[in-house]
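# Commentary on secondary and tertiary structure
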Amino acid sequence: MASLQQSRLRLTLDHPWLASLVLRLALKPLDEPPQDVLDMGLPWTAATDGDTLFYNPAWVATLSQLECDGLYAHEAGHCGLLHHERRDGRDPLRWNIACDVSLNEW
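It should be emphasised that the depicted structure is a prediction, and the values quoted were computed from it without experimental measurement.

### Some words on the packing of helix H1 (residues 4–14) against helix H2 (residues 16–24)
Between H1 and H2, whose axes approach to 6 Å, the crossing angle comes to 145 degrees. Between H1 and H2, the residues in contact are Arg-8, Leu-11, Thr-12, Leu-13 and Asp-14 and Pro-16, Leu-18, Ala-19, Val-22 and Leu-23, respectively.

The structure is reproduced here in structure tokens:
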């Protein structure tokens, strides 16, 4: 069974340049999405506020280990690029999409 805890270890060992981002994120399972995710009308998968990686445990359970690794790296990338601090007054949904596009290209 895939797990985000395994992803933390794998990313730290295999990609040391991500280690400082990965190791600082606390993991918090949430059955219900955070309010900002609800407000954007997005499906509940995962999110970060820069300090915590919030995730839907039912959704994560459907992922392979490589997909979990990708999820963790993606959310850590949001933190590394300070997306949570740079949104300012921008539209939250458009900002989220733009940040995801930039990370997925990376």
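### With respect to the packing of H1 against helix H5 (residues 65–80)
H5 packs onto H1 with a crossing angle of 70 degrees between their chain directions and a minimal axis gap of 9 Å. Here H1 is positioned roughly perpendicular relative to H5, judged by the angle of their axes. Taking contact as the criterion, the partners of Leu-4, Gln-6, Ser-7, Arg-8, Arg-10 and Leu-11 in H1 are, on H5, Gln-65, Leu-66, Cys-68, Asp-69, Leu-71, Tyr-72 and Ala-73. Counted by class, the contact of H1 with H5 contains 7 nonpolar, 3 polar and 3 charged residues.

### Remarks on the state of the cysteines
The tally for this structure, following the rule as stated, stands at 0 disulfides. Free of any disulfide, Cys-68 has its nearest neighbouring cysteine sulfur in Cys-79, separated by 17 Å. A residue is classified by how much of its surface remains accessible, and Cys-68, at 0% relative accessible area, is buried. Distance from the sulfur of Cys-99, which forms no disulfide, to the nearest cysteine sulfur (Cys-79) is 11 Å.

### A short note on unusual backbone geometry
A positive phi is found at Leu-82, a non-glycine position, where the angle reads about 55 degrees. Note on placement: Leu-82 falls in the loop between H5 and helix H6 (83–86). The phi torsion at Asp-88 lies on the positive side, around 50 degrees, for a residue other than glycine. For Asp-88, the location among the structural elements is in the loop between H6 and helix H7 (92–105). Of the residues examined, Asp-88 reaches a relative accessible area of 62% and is grouped as exposed.

### Focus: the pattern of salt bridges
Under the definition given, this model contains 3 salt bridges. Asp-51 serves as the salt-bridge partner of Arg-24, at 3.6 Å between the closest nitrogen and oxygen. Pair noted here: Arg-24 is in helix H2 and Asp-51 is in the loop between strand S2 (46–48) and strand S3 (52–55), with a separation of 27 residues, a long-range link. For Asp-51, a relative accessible area of 46% puts it in the partly exposed group. The partner of Asp-88 in a salt bridge is Arg-90, with the nearest N and O atoms 3.9 Å apart.

Quick notes on the rules
Every chain's residues receive numbers from 1 upward, in the order its sequence appears when written. Restriction of local features to residues with pLDDT of at least 70 applies here, the model being predicted, together with a cutoff of 80 or more for giving and counting side-chain atom pairs; totals for whole chains, interfaces and linings are based on all residues. No hydrogens and no water enter the side-chain calculation; it runs on all heavy atoms of the structure. Axis lines are fitted to C-alpha atoms, over the contacting stretch for helices. Their N-to-C directions set the angle, which ranges from 0 to 180 degrees. Only DSSP runs of H or I reaching four residues or more are called helices, and only runs of E reaching two or more are called strands; each is numbered from the N terminus. Contacts are assigned to residue pairs that have any heavy atoms within 4.5 Å of one another. What sets the label is the angle itself: under 35 degrees gives roughly parallel, over 145 gives roughly antiparallel, 65 to 115 gives roughly perpendicular, and the rest give oblique. Gly falls in the polar group here, along with every residue not listed as nonpolar (Ala, Val, Leu, Ile, Met, Phe, Trp, Tyr, Cys, Pro) or charged (Asp, Glu, Lys, Arg). By disulfide we mean two sulfur atoms from cysteines, separated by a distance within 2.5 Å. Burial classes follow relative accessibility: with a 1.4 Å probe on protein chains only, a residue under 20% of its type's maximum area counts as buried, one over 50% as exposed, and anything between as partly exposed. The working definition used for a salt bridge is a side-chain nitrogen of Lys or Arg within 4 Å of a carboxyl oxygen of Asp or Glu.

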